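Observations on chain architecture
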Amino acid sequence: QKGLTKSALASTEIARDLLRKFDHFWLRGRLAIISYFVAMIQSDYATALHWNSEALECARISGSREIKVPALANRALLKLTQNEFQAAKSALDELDRETCDGESSVTQVGIRDIEMQLAISSGRFDEAEAIDGRITSLLSQVEIRDNYYELWHTVNRVRFLYLTGRPNDGLAIALESLPKIT
């Protein structure tokens with residue numbers, strides 16, 4: 001894994017050097033999102049926050065929702081990781097304003113999953129259960145099965161079931177999911 005991270009860092013630095021010569025805010029924003037993920041893999045939250053802020057600034061300058069939406073989701077997840085629940089909620093609220101229920105169900109699954117993680121982390125299990133129901137409904141509308149968001153939600157759903165004293169239900173879902181991820 002260290003080799004992959006070093007390779008990713010080297011590649012992003014090459015891209016950054018090119019962008020210094022030919023600046024383009026949309027490309028810089030995409031690169032900032034990638035750099036955010038590399039920092040998160042390294043558990044370097046300060047650097048991840050720096051790249052997330054750059055992505056949001058590039059989204060503001062370029063007007064790109066393609067950058068703004070994932071950058072806001074990343075901000076919510078980063079703040080959730082740091083137990084800064086109010087800041088995570090603020091980022092999630094802004095993400096909700098930027099998107100709408102008419103967006104693709106898959107996008108809404110990802111957003112609602114972050115919302116569920118925030119509810120779980122805050123100990124609001126009834127709210128998390130309701131959000132899980134909404135996610136299940138959204139997933140029934142998605143044409144592509146076993147997509148990234150669905151599989152990621154499965155991890156959070158199993159965790160939720162364990163936390164709420166339903167380990168057998170969680171185990172059954174986890175076992176059912178194994179063939180999908182291998």
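Residues numbered from 1 in each chain as written. Predicted model: local features only at pLDDT ≥ 70, side-chain atom pairs only at ≥ 80, totals over all residues. Heavy atoms only, no water.

1. Considerations on the side chain of Lys79
- Residue position: Lys79 is located in helix α4 (residues 65-81).
- Looking at Lys79, the relative accessible area reads 11%, which means it is buried. (Helix = DSSP H or I, 4+ residues; strand = E, 2+ residues; numbered from the N terminus. Buried < 20%, exposed > 50% of the residue type's maximum accessible area, 1.4 Å probe, protein only.)

2. As for the packing of helix α2 (residues 25-41) against helix α3 (residues 45-62)
- Put simply, α2 and α3 touch, their axes get as near as 8 Å, and they point 160° apart. Our classification of the angle between α2 and α3 gives roughly antiparallel. In this structure, the crossing between α2 and α3 has a hand that is left-handed. Contacts from Phe25, Trp26, Arg28, Gly29, Ala32, Ile33, Ser35, Tyr36, Ala39 and Met40 of α2 reach α3 at Tyr45, Thr47, Ala48, Trp51, Asn52, Glu54, Ala55, Cys58, Ile61 and Ser62. (Axes fitted to C-alpha atoms, helices over the stretch in contact; angles between N-to-C directions. Parallel < 35°, antiparallel > 145°, perpendicular 65-115°, else oblique. Left-handed = near helix turned anticlockwise from the far one by under 90°. Contact = heavy atoms within 4.5 Å.)

3. Let's talk about the packing of aromatic side chains
- Using the criterion set out here, one finds two aromatic pairs in the structure.
- Seen from their ring centres, Tyr36 and Phe37 are 5.1 Å apart, and the 80° between their planes marks the pair as edge-to-face.
- On the basis of an interplanar angle of 50° and a centroid distance of 6.3 Å, the ring pair of Phe125 and Phe160 is categorised as tilted. Of the two residues, Phe125 sits in helix α7 (residues 125-141) while Phe160 sits in helix α8 (residues 148-163), which places them 35 residues apart along the sequence. (Phe/Tyr/Trp six-rings, centres within 6.5 Å; stacked < 30°, edge-to-face > 60°.)

4. Points about the environment of Glu127
- Position of Glu127 relative to the elements: it lies in helix α7.
- When the C-alpha positions of Glu127 and Leu139 are compared, they lie 18 Å apart, and in sequence the two are 12 residues distant.

5. Structural notes on α4
- Taking 1.5 Å as the rise per residue, α4 with 17 residues should run 24 Å; its terminal C-alpha atoms sit 24 Å apart, in good agreement.
- All of the buried residues in α4 are Ile67, Val69, Ala71, Leu72, Ala73, Asn74, Arg75, Ala76, Leu78, Lys79 and Leu80.
- By the N-cap criterion, in which a side-chain oxygen at the helix start approaches the backbone nitrogen of a residue two or three places on, α4 is capped by Ser64, the distance to Glu66 being 3.2 Å.
- Count one or two residues on from α4 and you reach Asn83, which has phi positive near 60°. (Expected span 1.5 Å × (residues − 1). Polar contact = N/O pair within 3.5 Å; in protein donor to acceptor, adjacent residues only side chain to side chain.)

6. Considering the pattern of salt bridges
- One pass over the full model with this rule turns up 13 salt bridges.
- Ionic pairing is found between Arg28 and Asp23, a salt bridge with its closest N-O pair at 3.0 Å.
- We note a salt bridge from Lys68 to Glu94, for which the minimum N-O separation is 3.9 Å. With Lys68 in helix α4 and Glu94 in helix α5 (residues 85-98), the pair connects residues that are 26 residues apart, well separated along the chain.
- Overall, Lys68 belongs to the partly exposed group, its relative accessible area being 25%.
- The partly exposed category is assigned to Glu94, whose relative accessible area is 31%.
- Linked by salt bridges that have partners in common, Arg65, Lys68, Glu94 and Glu98 make up one network. (Salt bridge = Lys/Arg side-chain N within 4 Å of Asp/Glu carboxyl O.)

7. Section: the nonpolar core
- Formed by 24 residues in total, the largest nonpolar core has its most connected members in Ala55, Leu92 and Leu95.
- Elements that contribute at least two residues to this core include exactly α2, α3, α4, α5 and α6 (105-121).
- The leading source of residues in this core is α4, at eight residues.
- Excluding its chain neighbours within four sequence positions, the residues that come into contact with Leu92 are Ala76, Ile111, Ile114, Glu115 and Leu118.
- Residues Ala128, Ile135, Phe160 and Leu161 belong to the second largest nonpolar core, which totals 13 residues. (Core = buried A, V, L, I, M, F, W, Y, C linked by side-chain atoms within 4.5 Å.)

8. Some details on the environment of Tyr45
- Position of Tyr45 relative to the elements: it lies in helix α3.
- Accessibility expressed as a relative area gives 28% for Tyr45, which makes it partly exposed.
- Separated by 37 residues in the primary sequence, Tyr45 and Gln82 have C-alpha atoms spaced 8.3 Å apart.
- The contact partners of Tyr45, leaving out residues within four places of it in the chain, are Met40, Leu78, Thr81 and Gln82.

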